[in-house]
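# Results of the structural survey
Okay, here's what each chain looks like letter by letter:
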Amino acid sequence: MTIAARPGRAVGAPLRREGPAKLTGTALYTDDLVFPGGWYGTTIRSTEPRARLVAIDLDPAFDWSRVAVVTADDIPGDNVVASIAADQPILVPVGGEIRHQAEPVALLAAADRETLREARLRVRLRTEALPPVFDPLASTVEFARYDLAKGDVDAGLASADLVVQGTYRVGHQEQLYIENNAMIAVPRAGGGVIVHGSLQCPYYVHKALKRGLRIGSEQAQVVQAETGGGFGGKEEYPSMIGLHAALLALRTQRPVRMIYDRHEDLAATTKRHPAIVTHRTGVMRDGRVVAQDIDLVLDGGAYTTLTPVVLSRATIHAGGPYDIPNVRIRGRAVMTNTPPNGAFRGFGAPQSEFAAETQLNRVAEAIGMSPLDVRRRNVYRLGGITPTQQVLRGGVAGEEVLERAAEASEFDRVRVRTAESRGRRSPRDRTARGIGLALAWHGAGFTGSGEAKMGSVVSVELSGDGVVRILTASTEMGQGTKTIFPQLVAAELGLPIEAVEMAPQDTALVPDSGPTVASRTAMVVGGMTIQAARRLREAVEGRTGRPFATSYRDDAADHGATRIDQAFEPYPGVGFDDATYTGDAYPAFGWAAAVAEVEVDLDTFEVAVRSIVAVDDVGRVIHPVLCEGQVEGGTLQAVGYATIEEIKLLDGRYLNDRLQTYLIPTALDAPRIETILVESPFAGVPHGAKGVGELPMDVGAPAVVAAIHDATGAWIHDLPATPERIMAALVGIDPPGPPGISTVSPRRAADGDTER
Amino acid sequence: MAIEPAVVSPATLAEAYAIAARGAHRPVAGGTDLLVQITGGIGPPPDRVLDLWRLDELRGISVRDGALELGALTTFSEIRASVACREDAPALVEAAATIGAAQIQNRGTLGGNVMNASPAGDTLPVLLALDAELVVGGETGERTIPAAAFWPAYRRTAIRPDELLVRIRLPLVADRRQRFRKVGTRRAQAISKVVIALAWRGDPGSGTWREVRVALGSVAATPIRAAAAEAALEGERPTESTAERAVAALVGELRPIDDVRSTAAYRREVAGRVLRRLVRDEGRW
Ligand SMILES: Cc1cc2nc3c(=O)[nH]c(=O)nc-3n(C[C@H](O)[C@H](O)[C@H](O)COP(=O)(O)OP(=O)(O)OC[C@H]3O[C@@H](n4cnc5c(N)ncnc54)[C@H](O)[C@@H]3O)c2cc1C
């Protein structure tokens with residue numbers, strides 16, 4: 001693709017800022033940081049899904065003088081990991097309730113790992129079992145609920161030529177960042193702690209430290225180390241680990257390292273929420289969808305975490321990118337006695353849009369219309385009205401991404417071919433080809449009034465010694481923050497990118513720019529960065545009367561430092577009413593289409609995803625290479641979600657909590673991905689960007705499942721669409737259990753020890 | 001959490017036997033199973049480890065005394081590159097190519113696969129199908145154990161603690177044909193859901209199959225031979241009706257389980273479908 005250069009517009013694809021250090025092995029990840037005299041910390045976790053903690057017994061035969069032990073009694077502040085609700089304890093107190101199998105109960109630290117390993121074996125938890133809940137539909141504890149309505153659904157369904165019903169279920173997914181969670185806490189000279197770690201949101205950890213340790217803002221310092229991926233998985237759990245490391249550091253008055261291995265990371269940290277989505281869709285013979293009645297249940301796991309916000313996004317996106325006159329969406333999130341689920345690329349939308357897209361494909365089939373035409377007929381256009389009554393006023397590119405994807409993949413032509421070969425199929429055939437299409441929208445940035453409430457700040461300074469520097473808490477995890485922000489500022493100031501520095505992500509140095517989540521960094525924080533740079537340019541040019549680029553060094557010498565603090569300013573004309581849950585749910589939407597081609601083995605029903613054409617409207621491309629990288633990575637993550645990634649649970653514990661058993665696609669499993677970037681800008685920010693991180697995650701799975709259907713004739717309603725599920729649908733063997741729902745061991749079942 | 005046991009690295013097999021005779025040493029070849037078990041805390045960690053890697057006596061692929069012989073330390077990469085293996089044990093070459101990925105194939109050994117005794121070990125059905133003989137040795141000398149008697153129970157072998165696996169012998173059989181198929185979760189780095197090896201002697205004149213072996217992994221507590229399926233194929237030509245009888249026999253005799261990788265129902269069904277495909281390929285119907 002080509003991008004036209006124009007004033008103030010970032011162009012080109014400069015080298016990634018952190019790239020050389022990563023390539024040469026000199027980048028310092030948390031576990032690479034050396035703190036002399038540091039101890040190792042570890043977490044004692046529950047091994048029951050639900051129980052009352054009666055006592056923590058330390059074996060008196062063991063020499064405990066070499067080990068620091070921390071329990072809930074040692075927490076100076078509130079025993080709460082600060083998040084939306086105050087329900088998740090830092091450590092379960094004696095007398096308190098254990099709510100899941102991997103719940104932290106006590107902390108140990110020692111000078112060496114060997115002692116720590118021995119000490120672990122000498123801790124016994126005494127508990128009284130309580131009946132757990134595993135089935136979300138049986139849960140009576142609701143974390144959140146949202147109801148959306150537009151038009152009259154009952155009348156719409158009654159007037160429809162045909163009503164199609166379907167239930168879709170999706171399981172957990174692990175983020176599988178390449179670097180495990182890791183935090184190191186170091187006691188500060190003036191009291192409090194410095195926490196270094198692998199994290200997305202320095203100020204989330206900061207807030208958690210202040211509350212849990214009852215310390216002031218200056219005493220809690222959080223420094224991001226080089227971070228090997230996040231995908232949402234380092235949005236909330238680092239607060240827990242940071243608190244654990246800090247408690248041990250304060251107890252021992254030494255640096256304490258909490259470096260999770262992959263097994264602990266998989267077993268204990270947050271996953272994508274499982275969901276059960278039921279659709280009733282009313283459609284006319286001409287393809288017009290006239291009513292959508294949608295019921296959505298998310299399994300939040302044991303604690304609230306960010307579940308209400310995930311649910312909110314899941315609910316708003318549940319109808320898919322279609323302008324339907326009569327819509328009712330009821331979403332709720334419930335508690336189960338499984339490890340808490342949380343943020344993961346897409347944040348609720350991949351679950352509900354998988355259901356929406358698969359349902360629409362079934363609707364199209366029911367009326368004998370092509371999946372492409374049914375979308376052409378119903379997709380949002382300019383002026384469309386969403387279920388929250390939001391009027392889509394600009395940057396509406398659903399039609400464009402759809403048509404571009406159909407054209408680039410030759411969807412119609414290939415589909416004729418796959419249908420022909422389906423008609424000619426004989427037992428001699430080993431494989432079957434299929435093609436599938438999906439379309440999605442993804443709200444850019446925080447949902448509803450989230451951004452206005454967050455009150456983020458970014459600073460751009462010209463230092464006294466003439467250096468231009470960006471100060472932001474937005475983090476780099478490999479996605480490109482440290483490259484695109486300097487690009488945006490350099491373009492605004494007319495400087496080469498090398499002339500713009502990024503301050504380290506250290507809460508002692510940078511303001512709270514909000515978390516690095518929700519695909520908001522490029523759009524929201526990037527926009528604020530440009531605003532700050534613009535104000536800096538105006539200040540300097542006002543004083544010097546010359547262009548910034550040629551005068552800023554003189555200005556710094558003459559005038560000293562200038563620092564611009566730019567707070568978030570609500571986008572004009574964008575408003576949301578939390579009380580009625582109506583209004584502009586997002587300032588803008590990104591749009592994505594994907595066409596997948598698969599080859600299914602007709603003996604084993606193994607699925608090879610051969611190619612995906614991914615068309616994504618990101619508003620504006622800032623860095624084409626990074627942007628395409630996001631689309632490719634998100635697409636591959638979606639392929640894993642669609643085909644193989646599944647957590648299986650027994651008595652509320654993840655069974656496949658190792659890389660030997662939790663499998664993601666390898667390079668050999670990766671399809672050829674053709675990325676087409678579309679630019680339909682958001683007018684509310686100077687650069688027009690709408691974000692890209694999550695968008696591709698929404699379309700991959702339904703496209704692959706549609707392609708499996710095209711190849712085999714089987715609709716797979718449960719993700720992942722494993723060979724076991726495909727074979728069950730086609731051959732009639734017993735299907736595997738529902739994804740995401742724990743089975744109960746015979747012992748527990750016999751004891752009647754569950755509320756199912 | 002990792003611990004590091006004491007390691008001895010003898011340079012000769014005689015020394016290794018002497019160490020093994022003293023007991024309490026866990027052999028390590030490529031370490032691709034053992035190290036994962038130690039760092040993962042799977043099972044009790046060994047106190048002492050006997051490193052076999054320097055023992056060149058356990059290396060090499062050759063044809064000797066009517067058999068293809070592979071030293072226990074033969075790596076999967078060596079098997080893949082061996083002309084002798086490609087000629088006489090093509091199913092073993094195919095199996096080796098499906099194990100892990102390049103790094104594991106460079107380091108993992110056939111002997112380690114045999115001794116790890118996992119029901120999912122990908123070469124084990126091949127060894128069963130080819131009537132392999134496993135030569136084990138110790139201070140008291142060598143003895144030969146047929147593959148069919150080598151894995152008596154879940155993760156058990158017929159070897160004694162003071163013995164080492166020395167080499168694997170695959171008797172050369174005229175007109176023997178072999179097929180292999182692994183069904184895993186992904187295209188590399190995947191432990192099998194079902195793995196199947198098939199071998200038979202084709203009568204050049206009549207086209208009937210003799211000495212049929214149908215061996216499978218990941219469908220029982222040990223790698224197994226499927227006696228009923230073998231009987232259904234024995235003395236028959238690979239026709240559609242024979243295949244259907246063999247598939248029915250196989251599906252009837254398998255007792256796989258549900259586990260984290262797959263379901264019993266899938267394993268049973270897919271084993272049958274793969275067998276049908278292999279027979280169909282040979283019968284060209
Ligand atoms: C990432 C990865 C992927 C893998 N993929 C596969 C796969 O696809 N298919 C598969 O089958 N396996 C797979 N494995 C398992 C492993 O690589 C194989 O089982 C391999 O053959 C083990 O050989 P090794 O030499 O590394 O064994 P080691 O780990 O050294 O030893 C394994 C066991 O055998 C014993 N032992 C080894 N040699 C001898 C001997 N000569 N005498 C007596 N005892 C001995 C050891 O004491 C130990 O108990 C994988 C492993 C990893 C880590």
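Residues numbered from 1 in each chain as written. Chains lettered and ligands numbered in written order. Predicted model: local features only at pLDDT ≥ 70, side-chain atom pairs only at ≥ 80, totals over all residues. Heavy atoms only, no water.

Another aspect to go through is the site of the ligand. Residues and elements named next belong to chain B. Contacts to the ligand come from 31 residues, most closely from Pro 27, Ala 29, Thr 32, Asp 33 and Thr 109. Within the backbone of Pro 27, one N or O atom sits 2.4 Å away from an oxygen atom of the ligand. The backbone of Leu 34 places a nitrogen or oxygen atom 2.7 Å from an oxygen atom of the ligand. Summarising the interface, the protein chains cover 90% of the accessible area of the ligand, which totals 980 Å² for the free molecule. Among the elements of the structure, strand S2 (25-28), helix H2 (34-39), helix H7 (110-116) and strand S8 (164-171) are those that each provide at least two residues to the shell around the ligand. (Near = heavy atom within 4 Å. Polar contact = N/O pair within 3.5 Å; in protein donor to acceptor, adjacent residues only side chain to side chain. Areas by Shrake-Rupley, 256 points an atom, 1.4 Å probe, with all protein chains shown as cover. Helix = DSSP H or I, 4+ residues; strand = E, 2+ residues; numbered from the N terminus.)

Residues and elements named next belong to chain A. Buried within helix H2 (residues 113-121) are the following residues: Thr 115, Leu 116 and Ala 119. The buried residues of H2 all sit within an arc of 100 degrees when viewed along its axis, so they share a single face. In this fold, the buried residues of H2 make contact with strand S1 (39-45), strand S3 (67-70), strand S5 (104-110) and strand S6 (123-129). Where H2 starts, the residue carrying a side-chain oxygen 3.1 Å from the main-chain nitrogen of Glu 114 turns out to be Asp 112. (Buried < 20%, exposed > 50% of the residue type's maximum accessible area, 1.4 Å probe, protein only. Arc of directions from axis to C-beta. Contact = heavy atoms within 4.5 Å.)

Moving on: the interface of chain A and chain B. Taken together, the contact between chain A and chain B spans 33 residues of the former and 30 residues of the latter. Between chain A and chain B, roughly 2900 Å² of surface is buried when both sides are summed, and carbon and sulfur atoms account for 55% of that area. The partner of Arg 181 of chain B in a salt bridge is Glu 606 of chain A, and the shortest N-O contact between them spans 2.7 Å. Between chain A and chain B we count 18 residue pairs in polar contact (both at pLDDT 80 or more) in total. If you list the elements that add at least two residues to the side of chain A that touches chain B, you get H2 and helix H18 (723-731) of chain A. With 4 residues, the top contributor of residues to the side of chain A that touches chain B is H18 of chain A. By residue class, the composition of the side of chain A that touches chain B is 14 nonpolar, 5 polar and 14 charged. (Buried area = accessible area lost by both parts, 1.4 Å probe. Salt bridge = Lys/Arg side-chain N within 4 Å of Asp/Glu carboxyl O. Nonpolar A, V, L, I, M, F, W, Y, C, P; charged D, E, K, R; others polar.)

It is worth spelling out the pattern of salt bridges at this point. For side chains of opposite charge, pairing can occur when their charged atoms come near one another. Residues and elements named next belong to chain A. A complete count under the given rule lists 73 salt bridges over all chains for this structure. Here Glu 599 and Arg 433 are joined by a salt bridge, their closest N and O atoms 3.6 Å apart. Of this pair, Glu 599 sits in strand S23 (residues 589-601) while Arg 433 sits in strand S16 (residues 431-443); the two residues are 166 residues apart in sequence, bridging distant segments of the chain. Residue class for Glu 599 comes out buried when judged on its relative accessible area of 18%. Residue classification places Arg 433 among the partly exposed residues on the basis of a relative accessible area of 35%. A salt bridge links Asp 617 to Lys 690, with the shortest nitrogen-to-oxygen separation between them at 2.5 Å. Here Asp 617 is found in strand S24 (residues 607-617), whereas its partner Lys 690 is found in the loop between strand S27 (672-678) and helix H17 (695-712), with 73 residues between them in sequence.

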